[in-house]
Amino acid sequence: MDGDELEAGAPPDPPPAPPEDVLGWHNLRYVIHRGDRRRERTILSGTSGIARPGRLLGVLGPSGSGKTSLMTVLAGKLRPAADGRRKGRGRRHATDGLVGDVTFGGEPFHEGPHPASERVPLSYIEQDPRFFSNLTVRETLTLDANLHGGDASDVDDVVRRLGLAACADTLVGGDTGGKEVRGISGGERRRLAIACETLSLRCSSRVAAPEKADATIGGAGARKAAGGVILADEPTTGLDAHAADKIVEKLAETAREERAVVVAVLHQPRSAIFQKLDDLLLLAAGGRVAYCGPASGALAHFEKIDPSYHCPTHHNPAEFLIDLVAINCDGGEGAEAADVARVDAICHAWASTGECAAHESVPIGVRSNGGGDSPGGDSPGGDSPGGDSPGAGTVAAGGSLPRQQPGPLRQFALLAGRAWRQTRREAWVRVTQLVASAALAAAFGVCNFKVGYGPKSVKQRAAVLMQACINTSMLAICRSLNGFPRERATVSREMRRKRGGYTAGPYFFSKLLVETPVDMIAPVVFGAVVGPMVGLRREGRGWFLATLALQTAASSTLGTSVGALSPSAEMALAIGPCVMVLCIMLGDETGAFAEVPDGLAPLANASLIKWGFRGCLCSEFEGLKFDPLGDDRAKKDAAKTAAKTAAKTAKAAIVARAKKKMDGPCPRTGEDVLEDMGLPLRGGAARAAKAQCVVALANAALTYLVLRFRGA
Ligand SMILES: Nc1ncnc2c1ncn2[C@@H]1O[C@H](COP(=O)(O)OP(=O)(O)OP(=O)(O)O)[C@@H](O)[C@H]1O
């Protein structure tokens, strides 16, 4: 078109046809080197293929053929790096290399400044999906819907569609930090995972226009945006045939109804499951592609390669196909060579097809309708539910925004509600803590009953206070080390969601706000029992209890920061107690555990035990009066005996002997004790409380930053 035509008002070129929402992977090559090149292992070798919207693609192949590795790459957990090194979480190897492209709608899916995965909802259903154990199925889905800006009608709909109505009010169960809670079955769990992803796709795909805000997918006033991508890694493993069948049925339905690209790795699916697959990707060892196209055309394709590759009637086609590309290493050299030759021939046959060439090219023909590139004459574009309207399934410019995603405050409120439910339903943990704390306090009280005000009571008081401090800290740190890292897997999945996810702040601070006050109850009960039994100074008991409560907060946040920094729950549990012992060593003001060298003294300021113990000491000894001949228990007994058996002079002699037995000279006041320890004589408890708050805030800030920048 020349300039004259433009000036004459000729219509401009029509905009290019929107790219079809096809997920493609092109020439993926993933090699692992173990130390040197001779120990190179090829996991994926030139793996290419496509998955179409509205269709369920089943990934089959013998064990070790690279199915999970491929899913990891598609999910973006493993990405090609410019220098060929492996990126992302997990173990790193010196020369690990992944090259190739993953595209969606012809655009890079994970790479580049604006990857398609930023606007296309992407879900990864793990083999063992994790949820909060003390929430019911409905509560889990409702929270998900609310985080996506959806409502109860969305929840009701997915509950019905995924067949979860019967267990909607059952606890999900499992272990997220407490005891193993009995809950829904394995199959229901997987269906719940699919329900969550369906909900996510549905809410995310809504058109943001206010007048259409309440339209549901497929209903008036709404149109389907990019249906999203669901990747399911072995969703049927460990389930009985019927439950596995149901899962695949639901995945296929989700693909159709949400117009999503659904890719599922399946292990030895039975015939009924194979029939439910729309498309099939068959991998041989090393991630080599033996077939990628409509499942209905697979058997014909192999028969075309060699008529002997004919699947006998009544034979499970999935098993037949997997056997066809499996290499039997136990059958002797000859048999193995024959298997290798057969698999080579099959993979070469696929590599020479036009479909394979189309899948390999980047970007592949995804911008066209793509209906003609399927083998076996079966046209995926033709029968794709999403293919009925050219406009349907296109991604709105800039992505279709979901309806009213909740802001941080709303997220905070929703997550605080969940934390509260989880905490409330773990009442048995709290009751156990309370009983254990009260029993421990009683034991302490009996062993140090009414220590009195004699010289010996100085050590006894200090010992009780130190033990109270350590007990409080251990209780709190164990609780958060046990709970926090375990729920990280669930939280990490939720936080990573592009839509309906939440940020570190609302999650962490809602958890802190709900759990910490509840965690404070047991130590306060401990202090309330120990104080009167031991005979701690009555006026100082308020500060004593407050110090224990703050100690709980500081220790909980220390536990969460260790949990956030540790890669796994097991490592957190290994590191946490060591950190606590270090805190005890550095924080012991009496020098009973260790003499901290001067060089390490600044480090001691980070010890929460130091401030907790100091707070307890100051609250106890400030204003305390001692009596060298007073009501020390030993002396009392001695004096009583003396009164009965001897005259006044004899009594004096006994008292003198008792005094001699005591440890050193008796201080006159608590301030003498504080002075000896180098502690402030006035207001020490308040200053220690401030320092405890600083330690707690520093740990909370560290946890927040780790969650914020590294994710849960
Ligand atoms: N990080 C790694 N280091 C070493 N080997 C690896 C690594 N990742 C994958 N492999 C190897 O690559 C091969 C493919 O692994 P992958 O888990 O993808 O296979 P799979 O087809 O999913 O197997 P299965 O069906 O048994 O689950 C396996 O032999 C595995 O041992």
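Thresholds applied
Residues numbered from 1 in each chain as written. Predicted model: local features only at pLDDT ≥ 70, side-chain atom pairs only at ≥ 80, totals over all residues. Heavy atoms only, no water. UniProt positions renumbered as here; feature names shortened; annotations may be inferred. Helix = DSSP H or I, 4+ residues; strand = E, 2+ residues; numbered from the N terminus. Buried < 20%, exposed > 50% of the residue type's maximum accessible area, 1.4 Å probe, protein only. Contact = heavy atoms within 4.5 Å. Areas by Shrake-Rupley, 256 points an atom, 1.4 Å probe, with all protein chains shown as cover. Core = buried A, V, L, I, M, F, W, Y, C linked by side-chain atoms within 4.5 Å. Pairing = 2+ DSSP bridges. Axes fitted to C-alpha atoms, helices over the stretch in contact; angles between N-to-C directions. Phe/Tyr/Trp six-rings, centres within 6.5 Å; stacked < 30°, edge-to-face > 60°. Lys NZ or Arg CZ within 6 Å of the ring centre and 35° of its normal. Near = heavy atom within 4 Å. Polar contact = N/O pair within 3.5 Å; in protein donor to acceptor, adjacent residues only side chain to side chain. Nonpolar A, V, L, I, M, F, W, Y, C, P; charged D, E, K, R; others polar. Salt bridge = Lys/Arg side-chain N within 4 Å of Asp/Glu carboxyl O. Right-handed = clockwise from strand over helix to strand, strands pointing away. Patch = residues over 30% accessible without salt bridge, like charges linked within 9 Å, V, L, I, M, F, W, Y side chains within 5 Å. pLDDT = per-residue confidence, 0-100. Parallel < 35°, antiparallel > 145°, perpendicular 65-115°, else oblique. Left-handed = near helix turned anticlockwise from the far one by under 90°. Expected span 1.5 Å × (residues − 1).

The name an unreviewed UniProt entry gives the protein chain is ATP-binding cassette superfamily, with Micromonas commoda as the organism. One UniProt comment on the protein chain, placed under Subcellular location (unreviewed entry), says "Membrane".

A.B. asks: Mind laying out the overall build of the protein chain, listing which residues take part and the relevant values?
C.D. replies: Along its length, the protein chain carries 24 helices and 10 strands. For the protein chain, with 712 residues in total, the buried portion stands at 53%. Residue pairs in contact within the protein chain that sit at least 24 positions apart in sequence constitute 76% of those at least 6 positions apart. Carbon and sulfur atoms make up 58% of the accessible area of the protein chain, which totals about 30,900 Å².

A.B. asks: So what's going on with the nonpolar core? Residues and values would help.
C.D. replies: Counting 93 residues, the largest nonpolar core has Leu23, Trp25 and Leu141 as the members making the most contacts within it. The contacts of Trp25, once residues within four sequence positions are left out, are Thr47, Ser48, Gly49, Ile50, Ala51, Leu57, Leu70, Leu74, Asp101, Val102, Leu281 and His359.

A.B. asks: Lay out the sheet that holds strand S10 (residues 288-294) in plain terms, naming residues and giving numbers.
C.D. replies: With mixed pairing, the 6 strands of this open sheet are ordered in space as S6-S7-S8-S3-S9-S10. Every interior strand has two partners, whereas the edge strands, strand S6 (122-125) and S10, have only one. For this sheet the average axis-to-axis angle between neighbouring strands, irrespective of direction, equals 15 degrees. Examined bridge by bridge, S6 and strand S7 (residues 229-233) share 4 bridges and lie parallel to one another. Across the sheet, the residue bridging to Ser123 is Ile230, located in S7. Relative to the sheet, helix H2 (residues 67-74) contacts strand S3 (55-60), S6, S7, strand S8 (261-265) and strand S9 (279-284), its axis offset from that of S7 by approximately 150 degrees.

A.B. asks: Account for the packing of aromatic side chains, with residues named and values stated.
C.D. replies: Taken as a whole, this structure holds 8 aromatic pairs when the rule is applied. Joined through ring pairs, the aromatic side chains of Tyr291, Phe302 and Trp350 make up one cluster. When the ring centre of Trp611 is taken as reference, the NZ or CZ atom of Lys610 above it lies at 4.9 Å.

A.B. asks: Could you give me a rundown of the site of the ligand, with the residues and numbers involved?
C.D. replies: Near the ligand you find 15 residues, and of these Arg41, Ser63, Lys67, Thr68 and Ser69 are the closest. Take Ser65: an N or O atom from its main chain is 3.1 Å from an oxygen atom of the ligand. Within the side chain of Thr68, a nitrogen or oxygen atom sits 2.8 Å from an oxygen atom of the ligand. Burial of the ligand by the protein chains amounts to 71% of its free accessible area of 630 Å². Here the residues of the shell around the ligand sort into 3 nonpolar, 7 polar and 5 charged.

A.B. asks: Report on the pattern of salt bridges, specifying residues and quantitative values.
C.D. replies: Taken as a whole, this structure holds 24 salt bridges when the rule is applied. Asp245 is the partner of Lys276 in a salt bridge, and the nearest nitrogen-oxygen pair spans 3.2 Å. Highlighted residues: Lys276 in helix H7 (residues 271-276) and Asp245 in helix H6 (residues 241-258), separated in sequence by 31 residues. The partner of Arg430 in a salt bridge is Asp519, and the shortest N-O contact between them spans 2.3 Å. Highlighted residues: Arg430 in helix H14 (residues 427-447) and Asp519 in helix H16 (residues 504-534), separated in sequence by 89 residues. Judged by its relative accessible area of 10%, Arg430 falls in the buried class. For Asp519, a relative accessible area of 9% corresponds to the buried category. Within the structure, one salt-bridge network assembled from shared partners comprises Asp157, Arg160, Arg161 and Glu257.

A.B. asks: How would you summarise the pairing of S8 if you had to cite specific residues and measurements?
C.D. replies: The buried fraction of S8 amounts to 5 of the 5 residues, a majority that puts the element mostly inside the structure. On S8, burial covers both faces: Val261, Val263 and Val265 on one face and Val262 and Ala264 on the other are all buried. Bridge count between S3 and S8: 5 bridges; the pairing is parallel. Its bridge partner lying in S8, Gly58 is registered against Ala264. Of the strand pairs in this sheet, S7 and S8 are connected by 5 bridges, and their pairing is parallel. Directly across from Asp233, in S8, lies its bridge partner Val265. At this point the chain moves from S7, through H6, to the parallel S8, and the crossover so formed is right-handed.

A.B. asks: How would you summarise the environment of Ala601 if you had to cite specific residues and measurements?
C.D. replies: Secondary-structure assignment places Ala601 in helix H19 (residues 601-604). The sequence separation of Ala601 and Leu586 amounts to 15 residues, and the corresponding C-alpha distance is 7.8 Å.

A.B. asks: Run through the environment of Thr236, naming residues and quoting values.
C.D. replies: By secondary structure assignment, the location of Thr236 is in the loop between S7 and H6. Along the sequence, Thr236 and Lys246 sit 10 residues apart, while their C-alpha atoms lie 9.2 Å from each other. Not counting residues within four places of it along the chain, the set of residues in contact with Thr236 comprises Arg190, Ala244, Ile247, Val248 and Leu266.

A.B. asks: Give me a nonpolar patch on the surface: which residues, what numbers.
C.D. replies: Together, Val431, Leu434, Val435 and Ile521 make up a nonpolar patch on the protein surface, roughly 320 Å² of accessible area in all. If you tally residues by element for the nonpolar patch, the top one is H14, at 3 residues. Looking at the secondary structure, you find Ile521 in helix H16.

A.B. asks: Outline the side chain of Arg418, listing residues and values.
C.D. replies: Here Arg418 shows up in helix H13 (residues 408-424). Leave out the neighbours within four places in its chain, and Arg418 touches Phe132, Leu135, Leu143, Val491, Glu494 and Tyr502.

A.B. asks: Can you lay out unusual backbone geometry for me, pointing to particular residues and giving the numbers?
C.D. replies: Phi at Arg259 takes a positive value of approximately 55 degrees, unusual for a residue other than glycine. With respect to the helices and strands, the residue Arg259 is situated in the loop between H6 and S8.

A.B. asks: Before we move on, could you go through the confidence of the model for the protein chain and cite the residues and values that matter?
C.D. replies: Predicted coordinates in regions of low pLDDT should not be interpreted in detail. Per-residue pLDDT for the protein chain has a mean of 79; in total, 77% of the residues score no lower than 70. Across residues 1-18 the pLDDT falls below 50, and counting only partners more than four positions away or on other chains, this stretch makes 7 contacts in the model. Taken as a whole, residues 207-225 scores under 50 in pLDDT and shows 34 contacts with residues more than four places along the chain or in a different chain.

A.B. asks: Which residues make up helix H3 (residues 137-147), and what are the values?
C.D. replies: H3 sits mainly inside the fold: 8 of its 11 residues count as buried. For H3, the elements touching its buried residues are helix H4 (152-161), helix H5 (186-204), H13 and helix H15 (456-496). The positive-phi residue at the C-terminal boundary of H3 is Gly149, with phi of around 80 degrees.

A.B. asks: Describe the packing of H14 against H16, with residues and values.
C.D. replies: The geometry of H14 relative to H16 is characterised by a closest axis approach of 8 Å and an angle of 20 degrees between their N-to-C directions. As summarised for this structure, H14 and H16 are arranged roughly parallel, according to the angle between their axes. Between H14 and H16 lies a crossing whose hand is right-handed. Two secondary-structure elements touch here, H14 through Arg430, Gln433, Leu434, Ser437, Ala438, Leu440, Ala441, Ala442, Phe444, Gly445 and Val446 and H16 through Val518, Asp519, Ile521, Ala522, Val525, Phe526, Val529, Val530, Met533 and Val534. A class-by-class count of the residues in the contact of H14 with H16 yields 16 nonpolar, 3 polar and 2 charged.

A.B. asks: So what's going on with helix H17 (residues 541-565)? Residues and values would help.
C.D. replies: If you check H17, its first and last C-alpha atoms are 36 Å apart, about what 25 residues at 1.5 Å a residue would give, namely 36 Å. Counted residue by residue, H17 has 18 buried out of 25 residues, so it is predominantly covered.

A.B. asks: Tell me about the packing of H15 against helix H18 (residues 569-587), residues and numbers included.
C.D. replies: The contact between H15 and H18 brings their axes to 10 Å, and the two run at 160 degrees. In terms of orientation, H15 lies roughly antiparallel with respect to H18. For H15 against H18, the interelement crossing comes out right-handed. Across the interface between the two elements, Met466, Ile470, Ser473, Met474, Ile477, Leu481, Pro485 and Arg486 of H15 pack against Ala569, Ala572, Leu573, Gly576, Pro577, Met580 and Ile584 of H18. Among the residues forming the contact of H15 with H18, the class breakdown is 12 nonpolar, 2 polar and 1 charged.

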